[in-house]
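# Examining the three-dimensional arrangement
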Amino acid sequence: MESRLADVGHLIQSARDGDERAMTELITIHKGLVFTIILRMTNDYHTSQDLTQETFIKVFMNIRKVKNAEHFKPWMCTIARNVVRDYFRKVKRKRTVSFEEIKELHGHSNIEITRKRVIIQDAMAKLSEKDRMLLTLTYYQGLSLGEVARVMKMSENNIKVCVHRARKRLRKYLEGYEHELLSTC
Amino acid sequence: MNSCQHAEKIVDYRLNQLTEEEKAVFEAHLKSCEICQHELQVEMAIENELSAELDPGFIENRIKARLQLRQARDVRSFWLYAFRMAVYGVTATIVSMILLPVLLKFPLSSVLDLSKYSSGLAGLLGQLAPFNAFVVIFGFCYIAVFFASMYTLTQIRR
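A short tour of the structure in this document, coming up. Every chain is numbered on its own, with residues counted from 1 as its sequence reads. Numbering of ligands from 1 and lettering of chains from A proceed in the order in which they are written. Where totals are concerned, whole chains, interfaces and linings use all residues; where local detail is concerned, this predicted model gives features only for residues with pLDDT of at least 70, and gives and counts side-chain atom pairs only at 80 or more. Side-chain descriptors were evaluated using all non-hydrogen atoms of the structure, hydrogens and water having been removed beforehand.

### Brief notes about the overall build of chain B
In DSSP terms, a helix is any run of H or I states spanning at least four residues, a strand is any run of E spanning at least two, and both are numbered starting from the N terminus. Along the backbone of chain B there are seven helices and zero strands. Taken from the N to the C terminus, the helices and strands of chain B come in the order α-α-α-α-α-α-α. Between buried and exposed lies partly exposed: a residue is buried under 20% and exposed over 50% of the maximum accessible area for its type, with that area taken using a 1.4 Å probe on protein chains only. Sorting the 158 residues of chain B into buried and exposed places 29% on the buried side. The contact criterion used throughout is that any non-hydrogen atoms of two residues lie within 4.5 Å. Contacts in chain B between residues far apart in sequence, at least 24 positions, make up 58% of those at least 6 positions apart. Of the roughly 10,900 Å² of accessible surface on chain B, a fraction of 63% belongs to carbon and sulfur atoms. Calculation of accessible area relied on Shrake-Rupley with a 1.4 Å probe; when residues are assessed, cover is drawn exclusively from the protein chains displayed.

### Some details on the overall build of chain A
Broken down by element type, chain A carries 10 helices and zero strands. Within chain A, buried positions represent 52% of all 185 residues. Partitioning the contacts of chain A with sequence separation of at least 6, the portion at a separation of at least 24 is 64%. Carbon and sulfur atoms make up 48% of the accessible area of chain A, which amounts to about 9,200 Å² in all.

### Topic: the pattern of salt bridges
Pairing between side chains becomes possible if they bear opposite charge and their charged atoms approach one another. Any carboxyl oxygen of Asp or Glu that lies within 4 Å of a side-chain nitrogen of Lys or Arg is treated as forming a salt bridge with it. All chains considered together, the criterion is met by 14 salt bridges over all chains. Where B:Lys64 meets A:Glu20, a salt bridge forms, and the shortest distance between an N and an O atom there is 3.9 Å. Residue B:Lys64 is found in helix H4 (residues 60–105), and its partner A:Glu20 is found in helix H2 (residues 20–42); the two belong to separate chains. With a relative accessible area of 39%, A:Glu20 lands in the partly exposed category. A:Arg85 serves as the salt-bridge partner of A:Glu129, at 3.7 Å between the closest nitrogen and oxygen. Placement of the pair is A:Glu129 in helix H7 (residues 129–139) and A:Arg85 in helix H4 (residues 72–91), with a sequence separation of 44 residues. In this structure A:Arg85 comes out as partly exposed when scored by relative accessible area, which is 32%. Residues joined in a network through salt bridges with shared partners are A:Asp50, A:Glu54, B:Arg66 and B:Arg70.

### Digging into the interface of chain B and chain A
With 35 residues of chain B at the interface, the matching set in chain A holds 43 residues. The term buried area refers to how much accessible surface (probe radius 1.4 Å) is lost by two components on association, counted for both of them together. Carbon and sulfur atoms supply 61% of the area that chain B and chain A bury against each other, a total of about 4,000 Å² over both sides. Taken as a group, B:Glu49, B:Leu50 and B:Leu54 account for 19% of the area that chain B buries against chain A, more than any other trio of residues on that side. Between the two partners, chain B and chain A, sit nine salt bridges. For A:Asp50, the salt bridge is made with B:Arg66, and the minimal N-O distance between the two is 3.0 Å. Think of a polar contact as two N or O atoms within 3.5 Å of one another; within protein, one of them needs to be a possible hydrogen donor and the other a possible acceptor, and neighboring residues in sequence only count if both atoms come from side chains. At the boundary of chain B and chain A, one finds 17 residue pairs in polar contact (both at pLDDT 80 or more). For the side of chain B that touches chain A, the secondary structure elements donating two or more residues are helix H1 (10–14), helix H3 (34–50) and H4 of chain B.

### Let's talk about helix H8 (residues 145–152) of chain A
Residues of H8(A) that are buried include every one of A:Glu147, A:Val148, A:Ala149, A:Val151 and A:Met152, and no others. A positive backbone phi angle near 55° is found at A:Lys153, which sits one or two residues after H8(A).

Structure, rendered in structure tokens:
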């Protein structure tokens, strides 16, 4: 863990000095996280790709502000969140994800798996922006509770309470779909 | 499906928020409760889906190209701003050069009684004539505008 942080620290330092290879490396390491957060928030594949690029542009334009490699990931997630907020302020709409988009994204030919994903994405879309962000960050395996707290600007205890409530709300929206959710487990 | 009072603990259980004792009690209950087993499976299915990392494809080169464009645009807008400020500065100087002699001939202090406003300042700077106090105030304002412009320039540059 510490050696990985040290690597990221070196990459940040090199990216600050304009090293393109370091930038590419940083993008490759973190693009999955940023894209996942944005897609869960926007439910739109192409918009998410665009907003992911916008997030990284902002990251590299402000990379001098990162003093500690440990804070890089939460800082980047905060930028992604702000980019999504700006986008929603402009378009003022929510959309539901289509069956075809999910199929294209995951490359699954299995109809049941694709359907399960559509159901979960649609249920997520019904949650508030805060709940969606909380659940995305919490379920994502690469982030600690402390990092989630830093992105959400909340205390760790508060995060636990809010996640609990958000999960309950999500579960409520998924009522009646249990059969589909368990069909491929 | 009927509910079970222990089903409330499934979320805490999956988030590892139960104490060792609570966890042991819940796991013992889980073995014999079909409702909780079913709920746990649903929770795990949701978790499994939401923990998946999605791939945006190869976007590295596009980001770098867009970043270069953005930086070039910022540098261009910086120089445009600097040019605009220079034009303003030259215009202000020319206007001042025209206005100052006029003011010297017809000082505003003769129209407006600035002595009461400048008395405090005059006290600090020695007994200045109202007209001199007016020049000092005018100069201070000019310097303030100049520094504000310079500060804005440095902010944009950063």
